[in-house]
Amino acid sequence: MSSEVFFRPLAAGTGNRQRGEAGRAVLQALLEYHQLSLEPHLPLKLHFGEKGNCTYLKPEVYDPVIDLIESAGSSCCFSETSVLYGGERFSAVKHTALAHAHGFTRIPVEIADGENGEASVNVPVPGGKHFSSAAIAEKLALAPQVLVVSHFKGHILAGFGGALKQLSMGFASKGGKMAMHLTVKPRIKSRKCKKCRLCMTRCNEQAIEAGEKFTINQDKCVGCGACFSICPHKAISVFSFSGLRNMLFGNRYFREKLAEYAFASHVGKKNIYLTFAVDVAPGCDCEPRKMSSCIPDIGVFASLDPVALDAACFDAAVKAGKRFRGYEQLLYAGKLGVGSTNYRIIEI
């Protein structure tokens with residue numbers, strides 16, 4: 001059985017407003033085909049682009065989509081999560097400021113995992129090889145429906161980034177991002193620790209032990225990352241040789257972890273998926289540098305099935321001359337029940 005993927009092609013040089021109109025067209029076609037209604041409030045999960053990045057989807061692209069949502073009687077907000085590394089997207093305050101600086105001002109900006117990435121919900125992942133539950137950003141986990149907007153492009157670890165990458169790394173709290181990337185538990189650097197005890201207020205496992213030195217009981221710690229997220233002194237580290245080795249050389253496991261987190265963010269929801277295969281750069285929008293497209297613009301895709309959507313984008317990229325790595329994440333996501341790699345294109 002195949003899943004429907006709606007598609008509108010775009011010619012080279014198409015402007016942001018035209019891209020947005022194409023997004024609105026495929027989204028409207030999908031809603032009419034499936035006779036879907038939107039929730040009264042609909043978060044738009046997107047990526048604001050890292051400072052210095054130029055290939056992220058610009059705010060003008062979203063205007064026609066927002067017009068459609070508001071014409072249906074729903075309100076919406078731009079929704080994102082904090083990143084694990086430092087920089088402009090590390091905290092809600094700085095992340096929101098960056099979003100506004102990049103022009104995302106039409107509707108409210110919501111950082112879904114709290115001020116420091118600590119607000120999360122543990123969502124079960126039955127049958128997962130790597131996780132029994134996933135730490136999903138609280139406001140996204142509690143939303144019955146999310147419009148998941150993705151920018152299809154390359155990614156150094158995942159191979160490519162699309163709907164599954166947005167569902168997994170994009171929906172995860174900082175602790176979830178840490179679990180997918182490093183598979184290590186944090187430790188306290190005594191020379192930086194000010195013994196403020198703020199970390200202890202965030203640890204649900206009572207794993208942080210106070211004494212002459214503050215330490216983390218590794219037997220009690222579940223690796224959620226809440227202490228790392230909240231520490232104002234950067235005294236908690238999540239980096240180690242074994243963790244970096246897993247991150248750099250464990251790509252297959254990393255991609256399976258993405259699929260398991262995608263399961264947690266998708267199953268039981270009424271999510272809608274919209275992907276722009278334009279400005280297809282070899283790297284992620286998280287990279288703070290200018291990049292050039294590796295293939296011509298393809299178009300805009302929409303589906304209720306994130307696996308089918310990614311498969312359609314992946315195959316379209318191959319036809320355009322670029323075969324990305326990482327297709328196995330789609331196969332594993334299919335086994336988990338996230339979706340199907342079988343799809344039927346409906347061009348509009």
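Please read all numbers here as calculations on a predicted model, not as lab measurements.

Parameters and conventions
Residues numbered from 1 in each chain as written. Predicted model: local features only at pLDDT ≥ 70, side-chain atom pairs only at ≥ 80, totals over all residues. Heavy atoms only, no water. Buried < 20%, exposed > 50% of the residue type's maximum accessible area, 1.4 Å probe, protein only. Helix = DSSP H or I, 4+ residues; strand = E, 2+ residues; numbered from the N terminus. Pairing = 2+ DSSP bridges. Axes fitted to C-alpha atoms, helices over the stretch in contact; angles between N-to-C directions. Left-handed = near helix turned anticlockwise from the far one by under 90°. Contact = heavy atoms within 4.5 Å. Nonpolar A, V, L, I, M, F, W, Y, C, P; charged D, E, K, R; others polar.

A. Inspection of the pairing of strand β1 (residues 3–9) at higher detail. In terms of residue burial, β1 counts as a mostly covered element, since five of its seven residues are buried. In terms of strand pairing, β1 meets strand β15 (residues 299–303) through four bridges, oriented antiparallel. Its bridge partner lying in β15, Phe 7 is registered against Phe 301.

B. Broad picture of the packing of helix α1 (residues 16–34) against helix α2 (residues 59–71). Relative orientation of the contacting elements α1 and α2 amounts to 35°, with a least axis distance of 6 Å. In the crossing of α1 with α2, the sense of the turn from one axis to the other is right-handed. Residues Asn 16, Arg 17, Arg 19, Gly 20, Glu 21, Gly 23, Arg 24, Leu 27, Gln 28 and Leu 31 of α1 lie in contact with α2, whose contacting residues are Glu 60, Val 61, Asp 63, Pro 64, Val 65, Asp 67, Leu 68 and Ser 71. The class makeup of the residues in the contact of α1 with α2 is six nonpolar, five polar and seven charged.

C. Up close: unusual backbone geometry. Its identity is not glycine, yet Lys 195 carries a phi of approximately 55°, on the positive side. Mapped onto the fold, Lys 195 is located in the loop between β10 (187–188) and α7 (198–202). Located in the positive-phi region is Lys 234, a residue other than glycine, with phi close to 55°. If you trace the backbone, Lys 234 turns up in the loop between α8 (226–230) and β13 (236–237).

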